[in-house]
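Summary of the model geometry
What follows is each chain in one-letter form.
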Amino acid sequence: MKRQRTSRPRDLAIGSAVVSCALLLAACGSNGSEEPSGGSPTSASPATTGAADVKCGKAATLSASGSTAQEFAMKFWIKNYMRACPGTRITYDGNGSGAGQTDFLQGRTAFAGSDSALSAARITQSKTACSNSGRAVHLPMLGGPIALAYNLPGVRRLVLDAPTLAKIFDARITKWNDPAIAKLNSGSKLPSTPIQAAHRSDSSGTTDNFTAYLSAAAPSAWPYGHDKEWKAKGGRSAKGSSGLVEQVKKTEGAIGYVELSYALARAIPTASVATGAPAPVDASVLTASKAIADAEIAGDDDLVLELDYATKAPGAYPIDMVTYEIVCDKGNKPSTWSATQAFLTYVAGTKGQEDLSFQGYATLPATIVNKVRSKIDSLS
């Protein structure tokens, strides 16, 4: 089952640096408000963007907000752009996808970052936010795995599948030595520790994508569908990815869904997922990229992607997300649009996408990135 449709792209622009960062991500942080320990994002990158890599727009001050998943990359992009274009000041508030969408639709920001697409109602609302009969469109900029971080001392490897996860996060499996978990982990000694499932308390694209996976891969076990707001009963809650990963870090028996960078930066183990493929799949940049390579573009006038959350392809990690920058197709604010368009052009350009390798994100297929570049050129 797919949610959110490209022509079966196979050409992944993945460099060896992605592997290096997957192994050393604790050193690939950010100067953002949810920075994982380990230093600034530039500490792992051997190169920085210079003026030759950026064509500056008209100087302006602009703000954006939204997805915490992309915050590390966004802070890095902004730093590089402002170094090359010192007349422009850009700020990004990682306040969650839902809040970012609201900020943009209410005219408070130049663009929004979101891990889930606008609803039909919000697309209609965007026609008020965009002048000249414009409406909001989605520009996919990066992807990545949603990891299942857990705190279970003595358990170095943990395998879970979609039906079991659905029951864990719906408080129907409550002990780590439950037969359903034990069956997936033959040969492992699992404790009777109570399970403390943690979910996001804020409106979150990570939640939307995680519940989309549960809904697609285990529809009979997950009755809630998918949503940015958490719907299931029980469990603990925390605000933002940083809050959730800290909840897992400090709570024995805990499990939570977070972007892989947060789990690795805090040295928290992550579960492998049994998908029906010959072997369970670990969360990594490469396994996420393999799954995202099969994404399809949902429509002709926008670039919202459908992901195959129920994939059984060998080596494809199924719990992934794509983060979008949301802007108007026309009718963007004249005072900031030149700088916004130039910034997004850099982000989607060769150098901007190359920089992702050092941030722990899954590179999007080249066919999709090319469509994003063309779309940016057509906006006004």
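For the structure itself, look to the data block above.
Reading the values: the criteria
- Residues numbered from 1 in each chain as written.
- Predicted model: local features only at pLDDT ≥ 70, side-chain atom pairs only at ≥ 80, totals over all residues.
- Heavy atoms only, no water.
- Helix = DSSP H or I, 4+ residues; strand = E, 2+ residues; numbered from the N terminus.
- Buried < 20%, exposed > 50% of the residue type's maximum accessible area, 1.4 Å probe, protein only.
- Areas by Shrake-Rupley, 256 points an atom, 1.4 Å probe, with all protein chains shown as cover.
- Axes fitted to C-alpha atoms, helices over the stretch in contact; angles between N-to-C directions.
- Contact = heavy atoms within 4.5 Å.
- Pairing = 2+ DSSP bridges.

A look at the overall build of the protein
Within the protein one finds 13 helices and 13 strands. In the protein, buried positions account for 59% of the 380 residues. Surface accessibility of the protein: about 14,300 Å² in total, with carbon and sulfur atoms responsible for 51%.

Overview of unusual backbone geometry
Most peptide bonds take the trans configuration, and most residues that are not glycine carry a negative phi. Here the phi dihedral of Ser133 falls at roughly 60°; this positive angle occurs in a residue that is not glycine. Looking at the secondary structure, you find Ser133 in the loop between helix H4 (120–129) and strand S5 (136–150). Residue Ser133 is classed as exposed on the basis of its relative accessible area of 69%. At Ala267, a position not held by glycine, the phi torsion is positive, near 55°. With respect to the helices and strands, the residue Ala267 is situated in the loop between helix H9 (260–265) and strand S10 (272–274). For Ala267, a relative accessible area of 65% gives the class exposed.

Overview of the packing of helix H3 (residues 97–105) against H4
Where H3 meets H4, the closest approach of the two axes is 9 Å, and the angle between their N-to-C directions is 35°. Within the contact between the two elements, H3 uses Gly98, Gln101, Thr102, Phe104 and Leu105 and H4 uses Arg122, Gln125, Ser126 and Ala129.

What to know about the pairing of strand S9 (residues 254–259)
Extensive coverage of S9 is indicated by the burial of six of its six residues. In terms of strand pairing, S5 meets S9 through five bridges, oriented antiparallel. Directly across from Tyr150, in S9, lies its bridge partner Ile255. Bridge count for strand S7 (residues 196–200) against S9 is three bridges, and the pairing is parallel. Its bridge partner lying in S9, Ala198 is registered against Gly256.

A short note on the environment of Asn370
Within the secondary structure, Asn370 is located in helix H13 (residues 366–378). In this structure Asn370 comes out as partly exposed when scored by relative accessible area, which is 40%.

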